[in-house]
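Chain by chain, the residues run as shown.
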Amino acid sequence: MNTSLIFLNGLALSAGLIIAIGAQNAFLLNRALRDQHQYAIALFCSLTDATLICLGIFGMGALVQAQPDLLLWISCAGSVFLFIYGALAFKSAVSGHTINIEDSSSEYSLTKAITVAASVSLLNPHCYLDTMVLVGGISSQYVGSEKLWFGLGAVSASFIWFFSLAWGAKWLMPLFKNPSAWRVLDGLIGIMMWGIAAGLIVHISTM
């Protein structure tokens, strides 16, 4: 098979999985609108996805599938974290604010930003299912250098998306000078986080 087509297959699959609004994207967008460490967060999220994709392609996906207890603990930790994060988003929506990059009350240190990025990434079991199990499983149809090209395509999608989101958020800056826009964003983030947490609880109850 043509290597360019294999690369595009990997790119399209990975893009379809990460572009949908999720915890990583919501947190990155939130920080990017405040011009706070967005490129460091984008790099961390990209490298995390790339690492998990590589692990999945080289056989770790099968290990995760064979260890249901591992997914159980990840699901429990993830649901708790997402519930807390959602509650904080609702609190922010109620208090209301406008975008002001000089306001230190909403500032994150680089360490805190990366810590939260790690939490929303690594405590979300869908992260492992999408990258390690799904991408890893689909890559099994390729052999030799084909597997490498497929992996490069999948990894490229993560870097392209996260850095585009970090850079493109500045175009939304005028919109988020309106307090109502922040209330809507924080409210949607809270609903999304609690929705994901509820889904994880349902998933746990069936395990």
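1. Details of a nonpolar patch on the surface
Link 1 in the chain: Together, Val80, Phe83, Ile84, Leu88 and Trp194 give the surface a local cluster of nonpolar side chains, amounting to about 490 Å² of exposed area.
Link 2 in the chain: Here the element with the most residues in the nonpolar patch is helix α4 (residues 68-95); it accounts for 4 residues.
Link 3 in the chain: Note on placement: Val80 falls in helix α4.
Link 4 in the chain: Under the relative-accessibility criterion, Val80 is labelled exposed at 51%.

2. Some remarks on the nonpolar core
Link 1 in the chain: Grouped together as the largest cluster of nonpolar side chains are 28 residues, with contacts concentrated most on Phe27, Leu28 and Ile41.
Link 2 in the chain: Listing elements by their share of this core, those giving two or more residues are α2 (23-33), α3 (38-66), α4, α5 (110-122), α7 (145-168) and α8 (179-205).
Link 3 in the chain: With 7 residues, the single largest contributor to this core is α2.
Link 4 in the chain: Within the second largest apolar cluster, 9 residues are counted, among which are Ile6, Ile53, Tyr142 and Phe150.

3. Points about the packing of aromatic side chains
Link 1 in the chain: In the structure shown here, the tally under the stated rule is 7 aromatic pairs.
Link 2 in the chain: Summarising the aromatic geometry, the rings of Phe90 and Trp194 are spaced 4.8 Å apart at their centres and angled 65° between planes, so their arrangement reads as edge-to-face. Here Phe90 is found in helix α4, whereas its partner Trp194 is found in helix α8, with 104 residues between them in sequence.
Link 3 in the chain: A connected cluster of aromatic rings, assembled from ring pairs, spans Tyr39, Phe159 and Phe163.
Link 4 in the chain: In this arrangement the basic side chain of Arg31 is found over the ring face of Tyr108, its NZ or CZ atom lying 3.8 Å from the centre.
Link 5 in the chain: In this structure, Lys112 is placed above the aromatic ring of Tyr108, and the distance from its NZ or CZ to the ring centre is 4.2 Å.

4. Concerning helix α6 (residues 125-138)
A turn of α-helix holds 3.6 residues, and therefore any two residues three or four places apart point the same way.
Link 1 in the chain: If you check α6, its first and last C-alpha atoms are 18 Å apart, about what 14 residues at 1.5 Å a residue would give, namely 20 Å.
Link 2 in the chain: For α6, every residue scored as buried is listed here: Pro125, Cys127, Tyr128, Thr131, Met132, Val133, Val135 and Gly136.

5. Re the confidence of the model for the chain
Link 1 in the chain: For the chain, mean pLDDT is 79; residues scoring 70 or higher make up 82% of the total.
Link 2 in the chain: Note on residues 100-105: pLDDT under 50 across the span, and 3 contacts to partners over four residues away in sequence or across chains.

6. Things to note about the side chain of Lys147
Link 1 in the chain: You can see Lys147 is positioned in helix α7.
Link 2 in the chain: Lacking a salt bridge, the buried Lys147 has Glu146 as its closest oppositely charged neighbour, with an N-O distance of 8.6 Å.
Link 3 in the chain: Dropping the residues within four chain positions of it, Lys147 is found in contact with Ile57, Ser139, Ser140 and Tyr142.

7. Things to note about the side chain of Thr131
Link 1 in the chain: The residue Thr131 is located in helix α6 in this model.
Link 2 in the chain: For Thr131, a relative accessible area of 8% corresponds to the buried category.
Link 3 in the chain: Sequence-distant contacts of Thr131, that is, excluding residues within four places in its chain, are made with Asp49, Leu52, Ile53, Gly56 and Gly136.

8. Structural notes on unusual backbone geometry
Link 1 in the chain: Unusually for a residue other than glycine, Asp35 sits at a positive phi of about 60°.
Link 2 in the chain: Along the chain, Asp35 turns up in the loop between α2 and α3.
Link 3 in the chain: Residue classification places Asp35 among the partly exposed residues on the basis of a relative accessible area of 46%.
Link 4 in the chain: At His37, a position not held by glycine, the phi torsion is positive, near 60°.
Link 5 in the chain: The residue His37 is located in the loop between α2 and α3 in this model.
Link 6 in the chain: The exposure class assigned to His37 is partly exposed, which follows from its relative accessible area of 29%.

Rules of the game
Residues numbered from 1 in each chain as written. Predicted model: local features only at pLDDT ≥ 70, side-chain atom pairs only at ≥ 80, totals over all residues. Heavy atoms only, no water. Patch = residues over 30% accessible without salt bridge, like charges linked within 9 Å, V, L, I, M, F, W, Y side chains within 5 Å. Areas by Shrake-Rupley, 256 points an atom, 1.4 Å probe, with all protein chains shown as cover. Salt bridge = Lys/Arg side-chain N within 4 Å of Asp/Glu carboxyl O. Helix = DSSP H or I, 4+ residues; strand = E, 2+ residues; numbered from the N terminus. Buried < 20%, exposed > 50% of the residue type's maximum accessible area, 1.4 Å probe, protein only. Core = buried A, V, L, I, M, F, W, Y, C linked by side-chain atoms within 4.5 Å. Phe/Tyr/Trp six-rings, centres within 6.5 Å; stacked < 30°, edge-to-face > 60°. Lys NZ or Arg CZ within 6 Å of the ring centre and 35° of its normal. Expected span 1.5 Å × (residues − 1). pLDDT = per-residue confidence, 0-100. Contact = heavy atoms within 4.5 Å. Lys, Arg positive; Asp, Glu negative; His and termini not counted.

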